[in-house]
Amino acid sequence: MNILIIEDEIDLQKSIVTYLKKEGYHCEVAANLEEALEKIWLYKYDCIIVDITLPDGSGLAVVEKLKSKKSKVGIIIVSARGELEDRIKGLEIGADDYLSKPFDLSELNARIKALLRRRNFDAQNEIVVGDLVVDPANRGASIKGKPVNLTRKEFDLLLYFISNPNRVVTKESIAEHLWGDDMDLVDSYDFIYSQLKNLRKKIFEGGGTDSIETIYGIGYKFIRG
Amino acid sequence: MKLFTIASRLYILSIVAVFTIGGLLAYFIMKSIIDTEFNEKLIAEKEQLIYELHTYQDLKDTYYLNIGDRINLQEMTNQKGIKQSISDTIMYDPFERKQLPFRTLTFSDRFQNKNYKVTITKSLLPNQDLVRGISEIFLIMFGSLMISLLVLNRIISKKIWSPFFKLKDQVQAFNLSRPDMVVLEDSEVSEFQVLKEAVEAMMQQTLRDYQNLKEYTENTSHEIQTPLAIIKNKTELLLQEKLTKNQMSEVGKIYEAATRLSKLKEGLALLTKIENNQFIKQESIDVRQFIERKLNNLQELIDIRKIKVTTKFFSALVIMMNYDLAYLLITNLLSNAIKHNIKGGNINIVLRQNVLTVSNTGVDPGVSTNELFERFKRSSTGSDSTGLGLAIVKRIVDFCKLDITYTYAVGKHSVILEFPSD
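Each chain carries its own residue numbering, running from 1 in the written order of its sequence. Working convention: letters from A go to chains and numbers from 1 go to ligands, in the order in which they are written. The model is predicted, so local features are restricted to residues of pLDDT at least 70 and side-chain atom pairs to those at 80 or more, both for listing and for counting; the totals for chains, interfaces and linings are taken over all residues. Hydrogens and waters are ignored; side-chain quantities use all the structure's heavy atoms.

(A) Quick peek at the packing of aromatic side chains. Within 6.5 Å between ring centres, the rings of Phe, Tyr and Trp (the latter by its six-membered ring) count as paired, and their orientation is classed by plane angle as stacked under 30 degrees, edge-to-face over 60, tilted in between. Applying the stated criterion across every chain, the model contains 11 aromatic pairs over all chains. Relative to A:Phe222, the ring of A:Phe161 lies with its centre 6.5 Å away and its plane at 20°, an arrangement referred to as stacked. Remark: A:Phe222 occurs in strand E14 (residues 219-222) and A:Phe161 occurs in helix H6 (residues 152-163); sequence separation between them is 61 residues. In this structure A:Phe161 comes out as buried when scored by relative accessible area, which is 0%. The rule is short: NZ of Lys or CZ of Arg within 6 Å of the ring centre and within 35 degrees of the ring normal puts a charge over the ring. Residue placement shows B:Arg70 over the ring face of B:Phe102; its charged tip is 4.7 Å from the ring centre. Each helix is a run of DSSP H or I of at least 4 residues and each strand a run of E of at least 2, with the numbering of both proceeding from the N terminus. Burial here depends on accessible area, computed with a 1.4 Å probe over protein chains only, as a share of the maximum for the residue type. Under 20% is buried, over 50% is exposed, and the range in between is partly exposed.

(B) Structural context of the interface of chain A and chain B. Should any heavy atoms of two residues lie within 4.5 Å, those residues are considered in contact. Every contact between the two is made by 44 residues of chain A and, on the other side, 42 residues of chain B. Together chain A and chain B conceal approximately 3,800 Å² of surface at their shared face, both sides included; 57% is due to carbon and sulfur atoms. We count a salt bridge whenever a side-chain nitrogen from Lys or Arg sits within 4 Å of a carboxyl oxygen from Asp or Glu. Applying the counting criterion to the chain A and chain B interface returns three salt bridges. A:Lys22 serves as the salt-bridge partner of B:Glu241, at 4.0 Å between the closest nitrogen and oxygen. Nitrogen and oxygen atoms within 3.5 Å of one another constitute a polar contact, given that in protein one can donate a hydrogen and the other can accept it, and given that sequence-neighbouring residues count only through two side-chain atoms. Connecting chain A to chain B are eight residue pairs in polar contact (both at pLDDT 80 or more). For the side of chain A that touches chain B, the elements supplying multiple residues, two or more each, are helix H1 (10-21), helix H5 (105-119), H6, strand E12 (168-170), helix H7 (171-179), helix H8 (183-186) and helix H9 (190-205) of chain A. Residues of the side of chain A that touches chain B, tallied by class, amount to 16 nonpolar, 12 polar and 16 charged. By definition, the buried area sums, over both parts, the 1.4 Å-probe accessible area that each loses when the two are put together. Under the convention adopted here, Pro, Cys and the residues Ala, Val, Leu, Ile, Met, Phe, Trp and Tyr are nonpolar, Asp, Glu, Lys and Arg are charged, and Gly plus all remaining residues are polar.

(C) Seen up close, the sheet that holds strand E8 (residues 346-352) of chain B. All names here are of chain B. Strands were regarded as paired on the criterion that DSSP finds at least two bridges between them. An order of E6-E8-E9-E11-E10 is seen for the five strands of this open sheet, with the pairing classed as mixed. Each of the sheet's edge strands pairs with one partner strand only, and the pair in question is strand E6 (308-313) and strand E10 (403-409). This sheet shows a mean twist of 10° between the axes of neighbouring strands, independent of strand direction. With six bridges connecting them, E8 and strand E9 (residues 355-361) associate as antiparallel partners. Bridge pairing links Val350 to Thr357 in E9. Axis lines are fitted through C-alpha atoms, for helices just across the contact stretch, and the angle between N-to-C directions can take any value from 0 to 180 degrees. Contacts between helix H7 (residues 287-297) and the sheet are confined to E6, E8 and E9, with E6 contributing the most and set at about 170° to the helix. Lying on the sheet, helix H10 (residues 389-399) is in contact with E10 and strand E11 (412-418); it crosses E10 at an angle near 145°.

Here's what the structure looks like:
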């Protein structure tokens, strides 16, 4: 999987690359619009992450260029938080997803995976983790062939963990992933705790193994052998 | 109270006071002058009568006895004279054909070697007519003066104060986000001109300060973004390393603080946006539908806390409001009702006409409910909230000209939101 990261802030760019490389992606970077346009003309990517605010222009130009080429690449735009107009414009001209800064790397990772899954219709959609089989398209999960009845949020939570295996996922990023904009309003991690407790219980009762490790005070880690 | 009303009231009060005292004084002085004059006339008549009685042998020759007022001579057996006295009586007047007041002067005199008791009785009628006439004139003057003063006051006030009222309206219409809408007018009255200049200077200063603050906030909020993102992502990467438990916890704290800061920034940016009038587009929103949809979104949170939600929609309400603001407002209210609730508590949502009441069980906030609308004011029990939720609510409410009241009484929080009725 080839990913192009268009981000002018070098530190940020490096962090993203470090995180994604561990997922086995091949990452390339561009620090300005010119470089980005050159790279998309030269190479073919599966996913492009583009910051809207670039020193020599708007990242939206990249999206427009790709769309004019009828490229099937997945595009995630990144912009300063709360810039609603950017978001609407970006999605209108054909970006697939939107993230606002500052974002969690685990969230970005989950978004990339979801995007790639949606792009690969032909490939097998189910994710198999030991006894557990998760079908993101139909939002279903089963253990040893027996379906597990999960609520919407529990399923989202499970998928988020599976997208970030063997990683410490912070409770803040989980809250944001599950509740989105409402997160700072709800911002009580009791909710995540309860949500997680139910999820663990359901997996356990379904005969699965609990692979979620608690990192005290910080978050959780989904262990995938 | 209005300027006109106060001025008119003062005018009326002072006029009434002055005229009552002055009128009474004038009445009594007038009365006493007329009275004295009347008595002097009686005495003069007496002198004339005595003169005539002493001068003429035959009473038929006397002038006064024949054409004067009622004069009565009565021979007295008593040799000693009586003292002169004046008294008022009511008597029948054959000319006017009714009972009328009269004044009688009684005295004694000796002539033709006999003692006589003499009475001169004079009608008080012209006297009374005079007093009444003067009083009437006085009343008419009083009334017309009062009316003309009030009318004059109104006209003068309107004319003189008109620049003031204009200025007042303009100051009222002053909006920091739309400063170009206010153009103050010059006035011929120097005091108002001074006032206008002072107000103008104040407005400009306020605008400058506001602009500076706005730029500062916007810049800070924008520039803070990137470093925050770097801190967050770098710590996130650090968390993936093989760290000792202690190191892990320290890094976690950095991450937590960065997240908190970014959320604070977001809240403040939102407040600024509302202040900057960036939510202008209005659309019609069905309040009931809106709330039900939102409750549905929050259902899982509600379930986790085992909260019982009851909704009573007595009437349909469709409001014109910015969608994002309505979303923020309702989300904040409902989330607060969940967040600050107790386990197994309840939430009551009632919509009656244009009033929405959201009440929930919860613990005492520990501070005055009004203070909770201020930025960074948190209830003493609230833990990790940014303290901006209710400040945002208040800002939206003010911006959209709604009315909000927040009360707390024995374990029950109630937020009453009043939408303008058309």
